[in-house]
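Each chain, letter by letter, is given below.
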Amino acid sequence: KPQRLRRWRVWTSLLLVWITCATHTSMSALANQLRGLDQGGTAPGMRQPGEVRGTLTRAKRGWVWNQMFVLEEFSGPDPILVGRLHTDLDVGNKNLKYVLAGEGAGTIFAINERTGDIHAMKRLDREEKAEYTLTAQVINRDTNEPLEPPSEFIIKVQDINDNAPEFTNGPYHATVPEMSQVGTPVTKVTATDADDPVYGNSAKLVYSILEGQPYFSIDPNTAVIKIALQGMDREMREEYLVVIQAKDMGGHMGGLSGTTTVTITLTDVNDNPPKFSKSLYEFTIPEDLGIGQVGGKVKANDRDMGENAKSTYNVIGGDDKDVFEITTDSQTQEGILRLKKPLDFENKKSYTLRVEATNVNFDPQFSGSGPFKDTATVKVAVEDSDEPPVFTQPSYLVEVHENTGVNAVIEQVAAHDPDITGSLVRYFIDRHTDLERQFNINVDDGKITLAKPLDREMDMWHNITVTAMEVRNHSQISRAIVAIKVLDINDNAPEFAMEYETFLCENGKPGQVIQTVSAVDKDDPKNGHFFIYSLVPEMSNNPNFTIKDNKDNSINVLAKHDTFRRQKQEMYYLPIVVSDNGSPPMSSTNTLTIRVCGCSKEGIVQSCNVEAYVLPIGLSMGALIAILACIILLLVIVVLFVTLRRHKNEPLIIKDDEDVRENIIRYDDEGGGEEDTEAFDIATLQNPDGINGFLPRKDINPC
């Protein structure tokens, strides 16, 4: 049956080609004849008036053909006739010969040289080559001389429906949001057909769905796939496989077809609210749970995915809802219940909370589906724990005067066991905070006493840590800070702020300020310091110096005359009494040392030594000492250099030529005469100590 159908299509196409060719040929012949008449030519079988037969004149060409057609894929037993060439010269003249040249001439196409019939010798495929350009010419059979110029014509390969549509880009993958409206475009597919789109319906394609209904539809002409079913839910089914067919011949019977697959995935939208897995959660939390620690976890499930499944949790109600908070774990999407305030089993043993889970991202198009949130109840039971002692206050501030006596009680701390059973508490001082053991504490009642005297000027603050420990469970310990501030009393006398170095010029004027003196006091009175300066009573009428109060806790020391001379007295000592205004007042005597110096006219100190008067003018004692030191240093260097040079030139080993000693050795052996050179060694006789290679050194004294 397929072979019969194929042959039927081929013969039908051949019939159409022959009809077309006949029509084109008749019209072409008529057109050529009319064209020849209009141009003064000769139509086939006609002559001009007065024309002489046998005269060699150029005859007007009168080919009876137009473009030719041949059916592709024709595979009959004989070559297929494409068309016939004919010229006006062919009026029974047997010397004419038709010649064919060009594309496929002699291989694909052959011409009958006598009749001009053109045959296709091979099976043609329009998809490989759609047309051939050839050249026809009439020549003299005997001389091969052209009787007419060559003419070009075209043979077109007529298409038949021998190619099925193909989806070159398939298989396809597409996505579309879930819950999309009917008619929403999903994607577009494209098929191609190698047949001739101009001739017939061989390349006219129509698209249809073979699989994928009733969910999707396709436009038969544009091949756009669309949503065909309302309310497609990703949570019910996420992926669909759609089979698309493209059929040529306009979809009619006998057309060829090709198929492809389209995998369509529904993408998620936020169309589902969060939902707690249960309406009631119960947790048991120990009362000693730390602030910020996790007390429990809740989970609201969301059928959506990704960003659409994210939820946030909140405590929206309950008793003492400020005791807890709930946060969202971004990884697991769980609600984490954490403690915000300390728990106390003795005061409250349980809590009931109302928590809510709400979608982070909200899609307005699903607002009519209801609130995208859910609530659940959380019950928290507080479990009793063995708690450490609790101080009446977390820290203590104590003020103590520095003259407080040893063993005096300066403070009492208190702590108790908050548990129902209640345990006795013992108190201790953390000695790491009281390295000098300045304080003691009574282990039973928490009274802090002074172990050593205090001195505010040495240490104004003492910060110690007191621990309270349960007698029943020594691991239960609490700590409290006790800050002890030492209060000042007036127990330090004022004194000079520094060691003053005071100089007095010989040419100074009476009343000249030679020094400004200030004082310091280690004490710290509330109203600040106020110092009183005075000369000692026995020198209150000092003939040389006096003092003047500057009203700012400092004084100026002034010279009374201008007759100070170094030869007369080089130094003066001025005792000054400094008193404070404390209760009781404290005072001290400080001595100011004043040196008399020689000064320039501008009052610049030049020399303060008496010896300066005996030196040459312009040369001080210090300069002279420096010069002498340099001279001595140079002499020492010269002496060392000469000594080292002489010591270097003197050899350390005593050589034979320098040995002036004579060594007389008596022996009774008879020598061997002048020829006996081995009897003795003269070097040994000269230096008997050098027998073993030992040579004395001049720089070493013999023992």
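Just so we're clear, the structure is a prediction, and the values are computed from it rather than from any experiment.

### Remarks on the overall build of the protein chain
- In terms of regular secondary structure, the protein chain is built from three helices and 40 strands.
- Expressed as a percentage of contacts within the protein chain between residues at least 6 apart in sequence, the contacts between residues at least 24 apart total 66%.
- About 43,200 Å² of surface is accessible on the protein chain, with carbon and sulfur atoms providing 53% of the total.

### A look at the sheet that holds strand E18 (residues 311-318)
- Pairing in this open sheet of four strands is mixed, and the strands run E16-E22-E21-E18 from one edge to the other. Each of the sheet's edge strands pairs with one partner strand only, and the pair in question is strand E16 (280-286) and E18. Between one strand axis and the next, the sheet turns by 30° as a mean value, whatever way the strands run.
- Pairing geometry for E16 and strand E22 (residues 373-383), over seven bridges, is parallel. Each residue of the ladder has a partner; that of leucine 280, found in E22, is threonine 377.

### Observations regarding the side chain of threonine 449
- By secondary structure assignment, the location of threonine 449 is in strand E29 (residues 447-450).
- Not counting residues within four places of it along the chain, the set of residues in contact with threonine 449 comprises Asn407, Ala408, Val409, Gln438, Phe439 and Asn440.

### Digging into a nonpolar patch on the surface
- A cluster of nonpolar side chains, namely Ile627, Leu628, Ile631 and Leu635, defines an oily patch on the protein surface of about 370 Å² accessible area.
- Overall, the relative accessible area of 45% leaves leucine 628 in the partly exposed class.

### Observations concerning the state of the cysteines
- Summed over the entire model, instances satisfying the criterion amount to two disulfides.
- Note on cysteine connectivity: cysteine 597 is disulfide-linked to cysteine 608, with sulfurs 1.7 Å apart. Here the disulfide of cysteine 597 and cysteine 608 is right-handed, its torsion about the S-S bond being about 100°. Of the two residues, cysteine 597 is situated in strand E39 (residues 587-599) and cysteine 608 in the loop between strand E40 (605-607) and helix H2 (621-649); the sequence distance between them amounts to 11 residues.
- With relative accessibility at 0%, the residue cysteine 597 sits in the buried group.
- Taken in sequence order, the bonded cysteines of the protein chain link in the pattern 1-3, 2-4.

### So, the nonpolar core
- Counting residues in each nonpolar core, the largest one holds 24 residues, and the members touching the most others are Phe276, Val298, Phe324, Leu337, Leu343 and Val378.
- Looking at this core, the elements with two or more residues in it are E16, strand E17 (294-301), E18, strand E19 (324-328), strand E20 (334-339), strand E21 (350-359) and E22.
- In contact with valine 378, other than residues within four places in its own chain, are Tyr281, Phe283, Val298, Leu337, Tyr351, Thr352, Leu353 and Val355.
- If you look at the next biggest cluster of nonpolar residues, it comprises 23 residues, including Val176, Ile209, Ile227 and Tyr240.

### Some remarks on the pairing of E39
- Of the strand pairs in this sheet, strand E33 (residues 502-505) and E39 are connected by four bridges, and their pairing is parallel. Bridge assignment links phenylalanine 503 to a residue of E39, and that residue is arginine 595.
- Examined bridge by bridge, E39 and E40 share two bridges and lie antiparallel to one another. Bridge pairing in E40 places cysteine 599 opposite valine 605.

### Re the confidence of the model for the protein chain
- Per-residue confidence for the protein chain averages 80 on the pLDDT scale, and 80% of its residues sit at or above 70.
- Here residues 1-6 scores under 50 on pLDDT; set against residues more than four positions off or in separate chains, the count is two contacts.
- The low-confidence segment residues 20-64, where pLDDT is below 50, has 45 contacts with residues more than four positions distant or belonging to other chains.

Rules used throughout
- Residues numbered from 1 in each chain as written.
- Predicted model: local features only at pLDDT ≥ 70, side-chain atom pairs only at ≥ 80, totals over all residues.
- Heavy atoms only, no water.
- Helix = DSSP H or I, 4+ residues; strand = E, 2+ residues; numbered from the N terminus.
- Contact = heavy atoms within 4.5 Å.
- Areas by Shrake-Rupley, 256 points an atom, 1.4 Å probe, with all protein chains shown as cover.
- Pairing = 2+ DSSP bridges.
- Axes fitted to C-alpha atoms, helices over the stretch in contact; angles between N-to-C directions.
- Patch = residues over 30% accessible without salt bridge, like charges linked within 9 Å, V, L, I, M, F, W, Y side chains within 5 Å.
- Salt bridge = Lys/Arg side-chain N within 4 Å of Asp/Glu carboxyl O.
- Buried < 20%, exposed > 50% of the residue type's maximum accessible area, 1.4 Å probe, protein only.
- Disulfide = S-S within 2.5 Å.
- Core = buried A, V, L, I, M, F, W, Y, C linked by side-chain atoms within 4.5 Å.
- pLDDT = per-residue confidence, 0-100.

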